[in-house]
Amino acid sequence: MDAVKIAKKDLRALAKEKTVLVAVLLLVSLSSLSQIVAVGLTILYSPSFNANIKIGLVGNAPIFERVAHPVKFESLEEALASLKVGEVDAVVVLNESLDCVNYVDVYILKEDVKAVKVIPALRKILMDYQDTLRAYKGIPILNVKAYDLSGKPVDVPEGISIQFRFMYTALIPLIVILTSIILGVYLIDILYEELGCLEVLLCCVRLKDVLLAKILAVTFVSALLTATWLLGLIANGVSINVPLTVTSSYTNYILSVSIAMIVFRFSRNREEAQLVYSLIFIPLILSFLTFAPSPLSLVVKSALSIFDFAIVAFLAIDLILLFLAVKLTEFAMSKNL
């Protein structure tokens, strides 16, 4: 009961932490606006939304002209001048040959917004040109088709792969990373809050109860945040395996909390602890994106309902690390008595 009372006190103090609250609002925004962001990316990067671009051509390329319907220029200087004033969106330099390799030079403006519009559409035009050349030379064209379980062809809408990749390989891992960071920072805060009055507090409760209260408070916050972003994603029509996703997310949460406790043990003040924690945990969890299996890659698999036995191994490792971190924290707090 003493641990529960202390945990309630810590949770009430959460409302005063502006940094944590801003991070929580960001987390809620990411999950609740996920579909809008995904649609926005599709509009930006899908060629079907940006097909109306003007291409300038320098050189002799009759087949390319039939595919792209470009504006012809006599010289590169003339074409680049037209590009700078916005008369064309891109300049292609191509002297077409049907007997050897064709080399294409492409010029576009450095402006980011303009490039976002031009590059996907130009890529589609060049791919159509490539297919036309292959057909002319008698080279087979690979057409990939999707079928359902009954054997009927499935028409995959253009741009859906962009939404899929963004949602599962970018947004969900980002939300888990942000939640993990919030929990680590919050734990460091509530641990340092007790140091000033720890001697008085221990006249009424045991040190183990104090540590248990911190873990209970972080557990409650983690459950609240996870439920918030899961509901936000589901409300936006994202299909997600809730039990597996929660389990894999906690492999990252427990790791974050364990590192926060270890950093607390070896730091002299709150500011130093939060800085060191950030320098350790953020590069570590971002490195998980580069190899598999990792706690972060398991989140992606879990969201897609793919079970990996590595979840069990990572949970076991994290729980052992958490046990050692609790012992180190108990030792650190007892030194301040």
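In the block above lies the structure referred to throughout.
Computed from a prediction, not measured in an experiment: that's the story for all the values here. (Residues numbered from 1 in each chain as written. Predicted model: local features only at pLDDT ≥ 70, side-chain atom pairs only at ≥ 80, totals over all residues. Heavy atoms only, no water.)

### A short note on the pattern of salt bridges
For side chains bearing opposite charge, pairing can occur when the charged atoms are close. The criterion, for reference: Salt bridges are defined as contacts in which a side-chain nitrogen from Lys or Arg sits within 4 Å of a carboxyl oxygen from Asp or Glu. For every residue, the accessible area (1.4 Å probe, protein chains only) is compared with the maximum for its type, and the residue is labelled buried under 20%, exposed over 50%, or partly exposed between those bounds.
Summed over the entire model, instances satisfying the criterion amount to five salt bridges. Here Lys301 ties to Asp308 by a salt bridge, and the two come within 2.9 Å at their closest N and O atoms. Since its relative accessible area comes to 18%, Asp308 is described here as buried.

### So, the pairing of strand 1 (residues 55-58)
Let me state the cut-off plainly: The helix count covers DSSP runs of H or I at least four residues long, the strand count covers runs of E at least two residues long, and both are numbered beginning at the N terminus. We call two strands paired when DSSP finds no fewer than two bridges between them. Clockwise travel from the first strand over the helix to the second, with the strands pointing away from the viewer, marks a crossover as right-handed.
Burial along strand 1 is two-sided: Ile55 and Leu57 facing one way and Gly56 and Val58 facing the other are all buried. In this sheet, strand 3 (residues 90-93) lies alongside strand 1 in parallel orientation, the contact comprising four bridges. Looking across to strand 3, one finds that Val58 is bridged to Val93. Sheet topology note: the strand 1/strand 2 (residues 71-73) ladder contains three bridges and is parallel. Looking at strand 2, one finds that Gly56 is bridged to Val71. Chirality of the crossover, the property in question, places the unit of strand 1, helix 4 (residues 62-68) and strand 2 among those that are right-handed.

### Focus: the side chain of Thr251
Here is the rule we go by: Residue contacts are defined here by distance: any two heavy atoms, one from each residue, within 4.5 Å place the two residues in contact.
In this structure, Thr251 sits in helix 10 (residues 242-266). Note on Thr251: relative accessible area 0%, which makes it buried. The residues touching Thr251, leaving out its near neighbours within four places in the chain, are Pro295, Ile311, Phe314, Leu315 and Asp318.

### Describing the packing of aromatic side chains
To be explicit about the condition: To pair, rings of Phe, Tyr and Trp, with the six-membered ring standing in for Trp, must have centres within 6.5 Å; the planes then decide the type, stacked if under 30 degrees apart, edge-to-face if over 60, and tilted in the middle. Only when the NZ atom of a Lys or the CZ atom of an Arg is both within 6 Å of the ring centre and within 35 degrees of the ring normal do we say a charge sits over the ring.
For the structure on display, the rule yields five aromatic pairs. With 4.8 Å between their ring centres and 70° between their planes, Tyr250 and Tyr253 make a pair best called edge-to-face. Of this pair, Tyr250 and Tyr253 both sit in helix 10, three residues apart, which is roughly one turn of the helix. It is Arg265 that lies over the ring of Phe266; its NZ or CZ is 4.7 Å from the centre.

### A few points about the nonpolar core
Put simply, the rule is: The nonpolar core is taken to be a set of buried Ala, Val, Leu, Ile, Met, Phe, Trp, Tyr and Cys residues, with the residues joined through side-chain atoms within 4.5 Å.
The biggest cluster of nonpolar side chains holds 50 residues, and the ones touching the most others in it are Leu187, Trp229, Leu233 and Tyr277. If we skip the residues at most four places from it in the chain, Tyr277 touches Ser180, Ile181, Gly184, Val185, Ile188, Ser256, Ile259, Ala260, Val263 and Ile282. Grouped together as the second largest cluster of nonpolar side chains are 16 residues, Leu57, Ala61, Ile63 and Val92 included.

### Focus on helix 5 (residues 76-84)
Selection criterion: Note: the arc covers the axis-to-C-beta directions of the helix.
Those residues of helix 5 that fall on the buried side of the exposure criterion are Ala79, Ser82 and Leu83. On an axial view of helix 5, the arc spanned by its buried residues comes to 105°, and they lie on one face. When the buried face of helix 5 is taken as reference, the exposed residues oriented beyond 90 degrees from it are Glu77 and Lys84. Buried residues belonging to helix 5 abut strand 1, strand 2, strand 3 and strand 4 (105-107). Trailing helix 5 by a residue or two, Gly86 shows a phi angle of about 85°, which is positive.

### Remarks on a nonpolar patch on the surface
To keep things clear, this is the line we draw: Residues with no salt bridge and a relative accessible area higher than 30% make up the patches, which join like charges within 9 Å and nonpolar side chains (Val, Leu, Ile, Met, Phe, Trp, Tyr) within 5 Å. Throughout, the Shrake-Rupley method with a 1.4 Å probe supplies accessible areas, and for residues the shown protein chains are the sole cover considered.
Residues Val104, Val106, Ile108 and Ile119 make up a contiguous nonpolar surface patch of about 270 Å² in total accessible area. Within the secondary structure layout, Ile119 lies in helix 6 (residues 112-137).

### Side note on the environment of Met261
With respect to the element layout, Met261 can be found in helix 10. For Met261, a relative accessible area of 0% puts it in the buried group. Residues Met261 and Leu191, spaced 70 residues apart in sequence, show a C-alpha to C-alpha distance of 8.6 Å. The contacts of Met261, once residues within four sequence positions are left out, are Leu187, Ile215, Leu322, Ala325, Val326 and Thr329.

### Concerning the packing of helix 9 (residues 207-235) against helix 10
Rule in force here: Fitting a line to C-alpha atoms yields each axis, with helices limited to the stretch in contact; the angle taken between N-to-C directions then spans 0 to 180 degrees. Angle categories: roughly parallel below 35 degrees, roughly antiparallel above 145, roughly perpendicular from 65 to 115, and oblique for all the rest. Note: crossing handedness is left-handed where the near helix turns anticlockwise from the far helix by less than a right angle, and right-handed where it turns clockwise. Here the nonpolar group is Ala, Val, Leu, Ile, Met, Phe, Trp, Tyr, Cys and Pro; Asp, Glu, Lys and Arg are the charged ones; every other residue, Gly included, is treated as polar.
Running from N to C, helix 9 and helix 10 cross one another at 140°; their axes reach a closest spacing of 11 Å. Judged on the interaxial angle alone, helix 10 and helix 9 are oblique. Note on packing geometry: the crossing formed by helix 9 with helix 10 is right-handed. Contact with helix 9, carried on its side by Ile215, Val218, Thr219, Ser222, Ala223, Thr226, Trp229, Leu230 and Ile234, involves Val242, Thr245, Val246, Ser249, Tyr250, Tyr253, Val257 and Met261 of helix 10 and no other residues of that element. Across the contact of helix 9 with helix 10, the residue classes tally to 12 nonpolar, five polar and no charged.

### Observations concerning the environment of Ile306
Summarising the element assignment, Ile306 is placed in the loop between helix 12 (295-303) and helix 13 (310-335). In this structure Ile306 comes out as partly exposed when scored by relative accessible area, which is 41%. Along the backbone, Ile306 and Leu244 are 62 residues apart, and their C-alpha atoms lie at a distance of 8.3 Å.

### So, the pairing of strand 3
Of the two faces of strand 3, the one holding Ala90 and Val92 and the one holding Val91 and Val93 are both buried throughout. Sheet topology places strand 3 next to strand 4; three bridges connect them, and they run antiparallel. Bridged to Val91 within strand 4 is Tyr107.

### So, the side chain of Ser82
Applied cut-off: N or O atoms within 3.5 Å of each other form a polar contact, as long as, within protein, one can give a hydrogen and the other can take it, and as long as residues adjacent in sequence are counted only when both atoms are side-chain atoms.
Secondary-structure assignment places Ser82 in helix 5. Ser82 gets classed as buried once you look at its relative accessible area, which sits at 5%. Polar contacts involving the side chain of Ser82 include one to the side chain of Glu87, which spans 2.9 Å. Non-local contacts of Ser82, meaning those with residues more than four positions away in its chain, are made with Phe73, Glu87 and Val88.

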